[in-house]
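# Observations on the model geometry
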Amino acid sequence: MEIKKEIALKKIPTRASEKYRNFPMVPRVVFGNGSFDQLGEILLSKRKHSEAPVIFLVDDVFEGTELVSRIPQIFCDQIIFVSAEEEPKTQQVDALVDLIKKEYQELPSGVVGIGGGTLLDLAKAVAILLTNNGSAQDYQGWDLVRKKAVYHVGVPTISGTGAEVSRTTVLLGPEKKLGINSDYTTFDQVILDPELTQGVAKEQWFYTGMDCYIHCIESLNGTYLNAFSQSYGEKALDLCKEVFLTDLSDADSRDKLMMASWHGGMSIAYSQVGVAHALSYGLGYRLGVKHGIGNCLVFQHLEEFYPEGVALFHKMKERHKINLPKGICKELSEEDLNVMVSVAMGMEPLWENALGENWKSVITPEKIKSIYKKI
Ligand code: NAD
Ligand code: ZN
């Protein structure tokens, strides 16, 4: 067991010179109801001058709401509303960067993402591409970013993905769905204001919350597990159990899910996700199924890999009367299924974390196809 842990820790580094990964953390974070109102003061010290704007990328679900009137927009700042209906794309990042560059002579003082994982990832990617030439797709991978990004702030309005704390921004490109994983991706500042998550629809609350729960199960049951990941993963799992299986006040529940998301993200930072995420990537790539619901659709059928985790998932699902859609993969051709299998099997570190070095002897294309066919 000890040896295994040591192997896992060494596997994670991305640079050949590193024995153990030296990963960045968010250097500044505010937590508390109403803390969003501190954003203006926080930005003030980062403003270069009146011609260097702050760009606010805001989920368009907030258009016309009271939250927009609280955005500390001054000088030539701009609010850009973006739909979170679809997951972020590399072309979308490029278009936003072009738009900003055309409109302003000066590099922005900052980029602020306000929304769920979709908007947080877009803000991270735009901040990177404002200082790094080329297209977002050139940076999909590990440590390809060379220059520090523009100062960027994340304000989550729904809890679960851990995107507020991670060093990646997951983008759908023309060739692949892959993150820009780099030391420059991580936010410079995060504002955790649980009140902002008040308007989330119940189903979406569950799907994104389950993303966090699944991060915990995959991290805690993986071969990459180590004391660092375990400490965060166990805390996040306890918080998820409280939120989804006990009667908390709404305010308590929002606070706890926001912290679960943070801890879940920290847990996978030093380990990896597993089978559900690998299969969910395949679903997302071919069918555009979003991350949270995609994970749920897959995870319900993974009792063979995560027996206790899946049993608890069903309990949570029943408690909150969530009906997952059925028959998603029913109409798919053999060709479609093959594409999904190949995307899923391409996620090698996820499989290795889940099943160990000999994962290829356990998981076969047929096996994956049989799981997809159940969805
Ligand atoms: P999301 O950002 O896609 O939003 C889901 C829905 O909730 C949208 O319709 C959005 O408009 C709505 N919404 C958000 N906040 C709301 C609020 N306060 N009130 C009402 N509606 C609200 O959801 P998500 O699940 O947080 O993010 C999914 C994305 O995160 C995917 O693109 C996935 O790839 C990415 N992700 C990134 C990481 C990372 O580490 N970078 C990790 C996991 C997932
Ligand atoms: Zn996830």
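Scroll up to find the structure.
Residues numbered from 1 in each chain as written. Chains lettered and ligands numbered in written order. Predicted model: local features only at pLDDT ≥ 70, side-chain atom pairs only at ≥ 80, totals over all residues. Heavy atoms only, no water.

## Concerning the sheet that holds strand S9 (residues 189-192)
The condition is simple: Paired strands, in this sense, are two strands between which DSSP finds at least two bridges. Put simply, DSSP H or I for four residues or longer makes a helix, DSSP E for two residues or longer makes a strand, and each gets a number counted from the N terminus. An axis is simply a line fitted to the C-alpha atoms; with a helix, the fit covers only the stretch in contact. Between two such axes, the angle follows the N-to-C directions and lies from 0 to 180 degrees. Note on contacts: a residue pair qualifies if any of its non-hydrogen atoms lie within 4.5 Å across the two residues.
Strands sit in the order S1-S9-S6-S4-S2-S3 across an open sheet of 6 strands; the sheet is parallel. Of all strands in the sheet, those bounded by a partner on one side alone are strand S1 (28-31) and strand S3 (78-82). For this sheet, the mean angle separating the axes of adjacent strands, direction not counted, is 15°. Its contacts with the sheet put helix H8 (residues 250-269) on S1, strand S6 (152-156) and S9, and the angle it makes with S9 is roughly 155°.

## Let's talk about the layout of surface pockets
Here the idea is plain: a probe the size of a water molecule rolls over the atoms and shows the empty space left. Rules: Using a grid of 1 Å spacing that covers the protein atoms alone, one calls a set of points a cavity when a 1.4 Å probe fits there but cannot get out, and a pocket when the set is open and has protein on both sides within 12 Å along at least five of seven lines; lining residues are those with an atom within 4 Å of a point. Grid points are joined across faces, edges and corners, and a volume is the space filled by probe spheres set on the points. All domain edges in this entry derive from an automatic or database-based domain assignment.
By volume, the second largest pocket is sized at about 340 Å³. In terms of lining, the second largest pocket is formed by 16 residues, of which the most central are Thr 197, Trp 205, Asp 250, Ser 253 and Arg 254. Mapped by element, the contributors of at least two residues to the lining of the second largest pocket are helix H6 (202-220) and H8. Per element, the largest residue contribution to the lining of the second largest pocket is 4 residues, and it comes from H8. Viewed by domain, the lining of the second largest pocket spans two of them, domain 1 (32-197) and domain 2 (201-372), each represented by three or more residues.

## Remarks on the sheet that holds strand S5 (residues 141-142)
Pairing is mixed across the open sheet formed by 3 strands, whose spatial order is S5-S8-S7. The two strands at the open ends of the sheet, each matched to only one other strand, are S5 and strand S7 (170-172). Pairing geometry for S7 and strand S8 (residues 177-181), over 3 bridges, is antiparallel. Bridge assignment links Val 170 to a residue of S8, and that residue is Gly 179.

## Details of the side chain of Ser 219
To be explicit about the condition: Note on classification: 1.4 Å probe, protein chains only; a residue is buried when its accessible area is under 20% of the maximum for its type, exposed when over 50%, partly exposed between these limits. Under the rule applied, a polar contact is a pair of N or O atoms within 3.5 Å (in protein, one hydrogen donor and one hydrogen acceptor; residues adjacent in sequence only if both atoms are side-chain atoms).
In this fold, Ser 219 is placed in helix H6. Overall, Ser 219 belongs to the buried group, its relative accessible area being 0%. A distance of 2.8 Å separates a polar atom in the side chain of Ser 219 from a polar atom in the side chain of Ser 267. Leave out the neighbours within four places in its chain, and Ser 219 touches Leu 225, Ser 229, Ser 267, Ile 268, Ser 271 and Gln 272.

## A look at the pairing of S3
Along a regular strand, successive side chains alternate from one face of the sheet to the other. For S3, the buried fraction is high: 4 of the 5 residues fall into the buried class. Taken together, the 5 bridges between strand S2 (residues 54-59) and S3 define a ladder with parallel strand orientation. Paired with Leu 57 across the two strands is Ile 80, which belongs to S3.

## Looking at the site of ligand 1
What counts is decided by this rule: Whether a residue is near a molecule or strand depends on its heavy atoms: if one lies within 4 Å, it is near. Accessible surface is estimated by sampling points in the Shrake-Rupley manner with a 1.4 Å probe; for residues, cover comes only from the protein chains shown. Ten residues, namely Ala, Val, Leu, Ile, Met, Phe, Trp, Tyr, Cys and Pro, are considered nonpolar, four, namely Asp, Glu, Lys and Arg, are considered charged, and the remaining ones, Gly among them, are considered polar.
The full set close to ligand 1 counts 27 residues, and Asp 59, Thr 118, Thr 157, Ser 166 and Lys 290 are the nearest of them. Within the contact set of ligand 1, a nitrogen atom lies 3.1 Å away from a backbone nitrogen or oxygen of Thr 168. Between Val 200 and ligand 1, the recorded distance is 3.5 Å, taken from a backbone N or O atom to a nitrogen atom. Taken by itself ligand 1 offers 870 Å² of open surface, and the protein chains cover 91% of this. For the shell around ligand 1, the secondary-structure elements that each account for two or more residues are helix H5 (117-129) and H6. Looking at the shell around ligand 1 element by element, the count peaks at 4 residues for H5. By residue class, the composition of the shell around ligand 1 is 9 nonpolar, 11 polar and 7 charged.

## Quick word on the environment of Gly 110
Looking at the element boundaries, Gly 110 is found in strand S4 (residues 110-115). The class for Gly 110 is buried, based on a relative accessible area of 1%. Residues Gly 110 and Val 68 lie 42 residues apart in sequence; the distance between their C-alpha atoms is 17 Å. Leave out the neighbours within four places in its chain, and Gly 110 touches Pro 53, Val 54, Ile 55, Val 150 and Tyr 151.

## Some remarks on the pattern of salt bridges
What counts, and what does not: By convention in these notes, a salt bridge is any Lys or Arg side-chain nitrogen within 4 Å of a carboxyl oxygen on Asp or Glu.
Counted by the stated rule, this structure contains 13 salt bridges. Between Lys 256 and Glu 242 there is a salt bridge, with its nearest N and O atoms 2.7 Å apart. With Lys 256 in helix H8 and Glu 242 in helix H7 (residues 227-245), this residue pair connects regions lying 14 residues apart in the sequence. Judged by relative accessible area, Glu 242 falls into the partly exposed class, the value being 27%. Among the salt bridges present, the one from Lys 369 reaches Glu 334, with a minimum N-O distance of 3.0 Å. Placement of Lys 369 in helix H15 (residues 365-374) and of Glu 334 in helix H12 (residues 334-345) is noted, with a sequence separation of 35 residues between them. Overall, Glu 334 belongs to the partly exposed group, its relative accessible area being 43%. Shared partners join several salt bridges into a network, and the residues in it are Asp 37, Glu 66 and Arg 70.

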